[in-house]
Amino acid sequence: MDSGQPQRITKDGIHLHAPEDFAGMHKAGRLAATILDRVAPEVVPGQTTGKLDQLIQGMVEEAGATSATIGYRGYQHASCISLNHVVCHGIPGAPIPPSKYEKRPRGNDMLVDGDILNIDVTVVVDGWFGDTSRMFVAGTPKPFAQRLIQVTHDALMIGIEAVRPGNTFGDIGAAIQSFAEGQRMSVVRDFCGHGLGRVFHAPPNVLHYGRAGTGPMLEEGMFFTIEPMLNLGRPETKVLADDWTAITRDKALSAQFEHSVGVTADGVDIFTLSPAGKFHPT
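These remarks concern the structure in this document. (Residues numbered from 1 in each chain as written. Predicted model: local features only at pLDDT ≥ 70, side-chain atom pairs only at ≥ 80, totals over all residues. Heavy atoms only, no water.)

**Quick notes on the overall build of the protein chain**
Alright, step 1. Scanning the protein chain from N- to C-terminus turns up four helices and 17 strands.
Alright, step 2. Its C-alpha atoms give the protein chain a radius of gyration of 18 Å, near enough to 19 Å, the size a compact globule of 282 residues would have.
Alright, step 3. A burial count over the protein chain gives 54% of its 282 residues as buried.
Alright, step 4. Within the protein chain, counting contacts between residues at least 6 apart in sequence, those at least 24 apart form 71% of the total.
Alright, step 5. When the accessible area of the protein chain is evaluated, it comes to approximately 12,000 Å², of which 52% is carbon and sulfur surface. (Helix = DSSP H or I, 4+ residues; strand = E, 2+ residues; numbered from the N terminus. Rg over C-alpha atoms; globule rule 2.2 N^0.38 Å. Buried < 20%, exposed > 50% of the residue type's maximum accessible area, 1.4 Å probe, protein only. Contact = heavy atoms within 4.5 Å. Areas by Shrake-Rupley, 256 points an atom, 1.4 Å probe, with all protein chains shown as cover.)

Next up, the structure:
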């Protein structure tokens, strides 16, 4: 239900939500996180990305919710599944392009041992959008891939620690960038987090790099995603001919974690925590 309170918008166009709006975001976020918990046992060598998406779509429908991505700008899937050097927006069921680290049969979407993949799900529950993604591993990851996953997870949590009233969005980006580059990994510049709530995408753009003290100030009631993408190689990306799939230009591995959060009076509320404690694959 709507809060009944007049809408408040900052000078930067960022919506400030009422305290009672947090409950709607928790409900949507919990469903998105639960779906990723449930699909985790299915991420194994021999599984296909198309089948994973079918399972996810079935879970969304079973919950009586709506997929935010089906029909969004022509997209026809309930998830994005991005493997190895695919940075984001990987299309389930599409042939998986080989990275510089492995060879696979061309023309199929089957997972092989050692694949790392990000699964991104957004659901709509009672008009509220729950958006989250996390990394999964098919089989046993190579040590450098496992380290990339760990550093990316830690970068997200470090960014979230910077969320509190009085800080700025630049503080979030600076915290992520400083940590990631200190681990000799690069931060993707071409994609960012975003505001959300009763809409899928809204101001602000949440950059995962930047200078502390810059950008809009964080205020209670702001809802947005933080979703850093880190690469083992250089940060540059390119989008393939399908107009969705973004890969690293140097074909080095990429990883991403995403939470939806809200700014509280004294800190941050994470809407998409894993009910089963499975947000990190290890």
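Here the narrative resumes.
**Here's the deal with unusual backbone geometry**
Alright, step 1. Residue Pro204 follows Pro203 across a cis peptide bond; omega there is 5 degrees.
Alright, step 2. Positionally, Pro204 belongs in strand 10 (residues 202-206).
Alright, step 3. For Asn84, which is not glycine, the phi dihedral falls at a positive 55 degrees.
Alright, step 4. Of note, Asn84 is situated in the loop between strand 4 (80-83) and strand 5 (86-88).
Alright, step 5. In this structure, His89 is a non-glycine residue whose phi angle is positive, near 65 degrees.
Alright, step 6. Note that His89 resides in the loop between strand 5 and strand 6 (116-125).

**Regarding the sheet that holds strand 14 (residues 246-248)**
Strands belonging to one sheet form pairs held by backbone hydrogen bonds; the direction of such a pair is parallel or antiparallel.
Alright, step 1. Pairing in this open sheet of three strands is antiparallel, and the strands run 5-14-13 from one edge to the other. Taken across any chain shown, the strands that pair with only one partner, and hence form the sheet edges, are strand 5 and strand 13 (237-239). Across the sheet, the mean angle from the axis of one strand to that of its neighbour is 40 degrees, orientation sign disregarded.
Alright, step 2. Note that strand 13 and strand 14 share three bridges and pair antiparallel. Within the sheet, the bridge partner assigned to Thr237 lies in strand 14 and is Thr248. (Pairing = 2+ DSSP bridges. Axes fitted to C-alpha atoms, helices over the stretch in contact; angles between N-to-C directions.)

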